[in-house]
Amino acid sequence: MTVSLSFFRLVLRGIALVVLLVGQWPVCLAAEPLKVDPQARVDLDIAAQDLAGALDAFSRQTGMAVLVDRDLTRARRSLAVHGRYRAGEALALLLTGSGLMARYARADAFTLQVAQVSESPTRGAPGKGGALAGSYARAIQQAIEQALCAVPLTRPGTYRAVLQVWIGHDGALQHSRLVSSTGDVQRDGALVERLRTVRVDRSAPSSLRQPVTLLLMPDSAGTSMDCTERKGAAGV
């Protein structure tokens, strides 16, 4: 289903979730596991970059063992991580916007899997969610508009981007992925950060197929939209 919303289009479609299990893939970004205190804070300096390179830097700087299929990290990027963090906190920040989440084998070793929504409701029967999904798409639009309009750099109307979001049963956006860049690295990071604040004011329907794909488009005049009258569904 495609909902035409001038600068904003939402495409609702399901993508199978693939769980990655330790030991299945030949690419290991850390030769041997190291003992790591998960509560210890570490000074990190990891630039925004291709996800595979960021994970390699993360492994070297924290001692965490990483095992991941390079096919999974291909065409995905990381956010920058600069500062003093616990390893788990830094990893969550690094993965923000990648559409992936960590699966820990133990405190100092993890692999990655496609993001999943926690406490996700059971999907409804096929063919019964069309009208409901269309109504919920509008609620998603309002919530994301409010979040993006709050910051001049992310205000829709002058750029194009494709994103995917995973919405929890309570309406919170639990995960996101920037599928196609806006062409501005700074704006890309700001977009991902703004999505972390979004909460839709309605529970996600059981018929919602995830992730939800979002297409942000410039308006026909090529000018920024007027956000002053927008009353989005959420913003925390």
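All figures in this text were calculated on a predicted structure; none of them were measured in a lab. (Residues numbered from 1 in each chain as written. Predicted model: local features only at pLDDT ≥ 70, side-chain atom pairs only at ≥ 80, totals over all residues. Heavy atoms only, no water.)

## Remarks on the overall build of the chain
Of the regular secondary structure elements, the chain holds 5 helices and 10 strands. Taken over 236 residues, the chain has a buried fraction of 48%. For the chain, restricting intrachain contacts to residue pairs at least 6 apart in sequence, the fraction spanning at least 24 positions comes to 75%. Accessible surface computed for the chain: about 11,500 Å², of which carbon and sulfur atoms make up 51%. (Helix = DSSP H or I, 4+ residues; strand = E, 2+ residues; numbered from the N terminus. Buried < 20%, exposed > 50% of the residue type's maximum accessible area, 1.4 Å probe, protein only. Contact = heavy atoms within 4.5 Å. Areas by Shrake-Rupley, 256 points an atom, 1.4 Å probe, with all protein chains shown as cover.)

## Notes on the packing of helix α1 (residues 51-62) against helix α3 (residues 87-95)
In the contact formed by α1 and α3, the axes pass within 11 Å of each other and the chain directions differ by 170°. Classified by the angle between their axes, α1 and α3 sit roughly antiparallel to one another. Counted together, L51, A54, L55 and F58 of α1 and A87, A90, L91, L94 and L95 of α3 form the full contact between these two elements. Residues of the contact of α1 with α3, tallied by class, amount to 9 nonpolar, no polar and no charged. (Axes fitted to C-alpha atoms, helices over the stretch in contact; angles between N-to-C directions. Parallel < 35°, antiparallel > 145°, perpendicular 65-115°, else oblique. Nonpolar A, V, L, I, M, F, W, Y, C, P; charged D, E, K, R; others polar.)

## A closer look at the nonpolar core
Taken as a class, soluble globular proteins show a tendency for nonpolar side chains to be buried jointly. Ranked by size, the top nonpolar core spans 51 residues in total, and within it L55, F58, L94 and I167 carry the most contacts. The element best represented in this core is helix α4 (residues 130-149), accounting for 7 residues. Not counting chain neighbours up to four residues away, the residues in contact with L94 comprise I46, L51, A54, L55, F58, S78, L79 and V81. (Core = buried A, V, L, I, M, F, W, Y, C linked by side-chain atoms within 4.5 Å.)

## Considering the pattern of salt bridges
Pairs can form between side chains of opposite charge whenever their charged atoms are close. By the definition in use, this model includes 9 salt bridges. Here E89 and R86 are joined by a salt bridge, their closest N and O atoms 3.2 Å apart. Classification of E89 as partly exposed rests on a relative accessible area of 35%. Between D170 and R199 there is a salt bridge; the shortest N-O distance is 3.1 Å. Of the two residues, D170 sits in the loop between β8 (161-167) and β9 (173-180) while R199 sits in the loop between α5 (185-195) and β10 (212-216), which places them 29 residues apart along the sequence. Look at D170 and you get partly exposed, because its relative accessible area is 43%. Residues joined in a network through salt bridges with shared partners are R41, R86 and E89. (Salt bridge = Lys/Arg side-chain N within 4 Å of Asp/Glu carboxyl O.)

## Let's talk about the sheet that holds strand β4 (residues 65-66)
In space, the 3 strands of this open sheet follow the order β4-β7-β6, with mixed pairing throughout. The open sheet is flanked by β4 and β6 (100-106), the only strands paired with a single partner. Bridging between β4 and strand β7 (residues 109-114) involves 2 bridges; their strand directions are parallel. Within the sheet, the bridge partner assigned to A65 lies in β7 and is A109. Packed on one face of the sheet, α1 meets β4, β6 and β7 and runs near 160° to β7. In the packing of α3 onto the sheet, contacts are made with β6 and β7, and the angle to β6 comes to roughly 150°. (Pairing = 2+ DSSP bridges.)

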